[in-house]
Amino acid sequence: RGAGTVEENDGAAVARFSVGGVVNTSVAIVLRNVWRLLAISFLISIPAIVLTVLFILNRPADLAALQSGRGPVAVSAATKLMLAGLFIVSFLSYFAIQAAVNHAAFQNLRGEHISIRACIARGLSAMPRLVVACIVLFVLMMAVGLAVSMAMVAALAGLSVGGASPGGSVALGLLAGLAFSALLLFLFVIWWVFVPAIVAENAGPVACFGRSRRLTKGHRWGILGILVLVFLANVVACLVVQLLAKIGAPAAATCVNVVVSLFFAAL
């Protein structure tokens, strides 16, 4: 519902997918329920926020080392462990937020009241399947990367045996990088709705990818267009935040950054 114009099909109304329809409906849902969605995102993010504050307060020297660009080599083992824990909690929080917000969107599209408590409960209940699905996704992405790397190594070995010029090797490397990026983007598009498949249809952590592939079939160029539009909007928002920081308004920049981050997380 709400994804585009409505057509009649054998006497039943069906929504026709369109980029503008999806974007307009998504923005409308967020704006209609902005405080509920922000509350959902904030409440689920509390553990990550607490860990971040503790890290800032207890590890100021290590924080300065990371901000200076010296990287994780310059920090202690305890700090590395804390950062790893923070990454895991943030990772889980992100997908819990996605699941909860997806549930809220479906409630809104059905004309039902969005319950913050029910959305958070739904997001947390979906976490075991989401975690397994993310592991499956990671393994699949690693397999794709390994296959492309092996093909590139074999091609470079063939060039070296044939006495090809270094320029040819560089060109092949660039071509392989572009091919790998295009393949990852393609997989990202066809698996775009694996989280909603888990949340709305109770799909399993493996079946959700097949379900997403079937749902996105015939609409993948449109989905790519949506991704590009959202990416460009995010870039513009980031530029505004950086501009505020440069003109001497760090507090305003921080507030805008938080609101923008939560908005795009909900969107």
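Everything that follows concerns the structure shown earlier in this document.
Small disclaimer: the values here were computed from a predicted structure and weren't measured.

> Can you break down the overall build of the protein chain residue by residue, with the values?
The helix and strand tally for the protein chain stands at 11 helices and 2 strands. For the protein chain, the N- to C-terminal ordering of α and β elements is β-β-α-α-α-α-α-α-α-α-α-α-α. Put simply, the protein chain has 267 residues, and 27% of those count as buried. As presented, the protein chain carries roughly 15,800 Å² of accessible surface, and 73% of it is formed by carbon and sulfur atoms.

> Could you give me a rundown of the environment of Asn33, with the residues and numbers involved?
You can see Asn33 is positioned in the loop between helix H1 (19–32) and helix H2 (34–58). A residue is classified by how much of its surface remains accessible, and Asn33, at 7% relative accessible area, is buried. Spatially, the C-alpha atom of Asn33 lies 10.0 Å from that of Ala266, the residues being 233 residues apart in sequence. Non-local contacts of Asn33, meaning those with residues more than four positions away in its chain, are made with Asn108 and Ile114.

> Outline the nonpolar core, listing residues and values.
Formed by 34 residues in total, the largest nonpolar core has its most connected members in Ile40, Leu130, Phe194 and Cys208. When near neighbours in sequence (up to four residues on either side) are disregarded, Phe194 contacts Phe95, Ala133, Leu137, Cys208, Phe209 and Ser212.

> Which residues make up a nonpolar patch on the surface, and what values do they have?
A contiguous nonpolar surface patch, about 670 Å² in accessible area, is contributed by Phe42, Leu43, Ile46, Ile49, Val50, Val53, Leu54 and Leu57. Summarising the element assignment, Leu57 is placed in helix H2. Residue classification places Leu57 among the exposed positions, given a relative accessible area of 63%.

> Explain H1 residue by residue, including any values.
Its 14 residues give H1 an end-to-end C-alpha distance of 20 Å, which sits within 8% of 20 Å, the value for a rise of 1.5 Å per residue. Gly21, Val22, Thr25, Ile29 and Val30 are the residues of H1 that are buried. Projection of H1 onto a plane perpendicular to its axis shows the buried side chains occupying an angular sector of 155 degrees, all on one side. Of the residues in H1, the exposed ones pointing more than 90 degrees away from the buried face are Asn24 and Leu31. The inward-facing, buried residues of H1 abut H2, helix H4 (77–109), helix H10 (220–246) and helix H11 (250–266).

> I'd love a proper account of the packing of H1 against H10, names of residues and values included.
It is at 9 Å that the axes of H1 and H10 come closest, and there the two elements cross at 45 degrees. Accordingly, the angle class assigned to the pair H1 and H10 is oblique. For the crossing formed where H1 meets H10, the hand is right-handed. The residues of H10 that touch H1, namely those facing Val19, Val22 and Val23, are Gly222, Ile226 and Leu229. Its residues assigned to classes, the contact of H1 with H10 shows 5 nonpolar, 1 polar and no charged.

> Could you give an account of the pattern of salt bridges, naming the residues involved and the relevant values?
Under the definition given, this model contains 1 salt bridge. Note that Glu201 and Arg211 form a salt bridge whose closest N and O atoms lie 2.7 Å from each other. On the criterion of sequence distance, the pair formed by Glu201 in helix H8 (residues 194–201) and Arg211 in helix H9 (residues 207–216) is long-range, its members being 10 residues apart. A relative accessible area of 42% places Glu201 in the partly exposed class.

About the cut-offs
- Residues numbered from 1 in each chain as written.
- Predicted model: local features only at pLDDT ≥ 70, side-chain atom pairs only at ≥ 80, totals over all residues.
- Heavy atoms only, no water.
- Helix = DSSP H or I, 4+ residues; strand = E, 2+ residues; numbered from the N terminus.
- Buried < 20%, exposed > 50% of the residue type's maximum accessible area, 1.4 Å probe, protein only.
- Areas by Shrake-Rupley, 256 points an atom, 1.4 Å probe, with all protein chains shown as cover.
- Contact = heavy atoms within 4.5 Å.
- Core = buried A, V, L, I, M, F, W, Y, C linked by side-chain atoms within 4.5 Å.
- Patch = residues over 30% accessible without salt bridge, like charges linked within 9 Å, V, L, I, M, F, W, Y side chains within 5 Å.
- Salt bridge = Lys/Arg side-chain N within 4 Å of Asp/Glu carboxyl O.
- Expected span 1.5 Å × (residues − 1).
- Arc of directions from axis to C-beta.
- Axes fitted to C-alpha atoms, helices over the stretch in contact; angles between N-to-C directions.
- Parallel < 35°, antiparallel > 145°, perpendicular 65-115°, else oblique.
- Left-handed = near helix turned anticlockwise from the far one by under 90°.
- Nonpolar A, V, L, I, M, F, W, Y, C, P; charged D, E, K, R; others polar.

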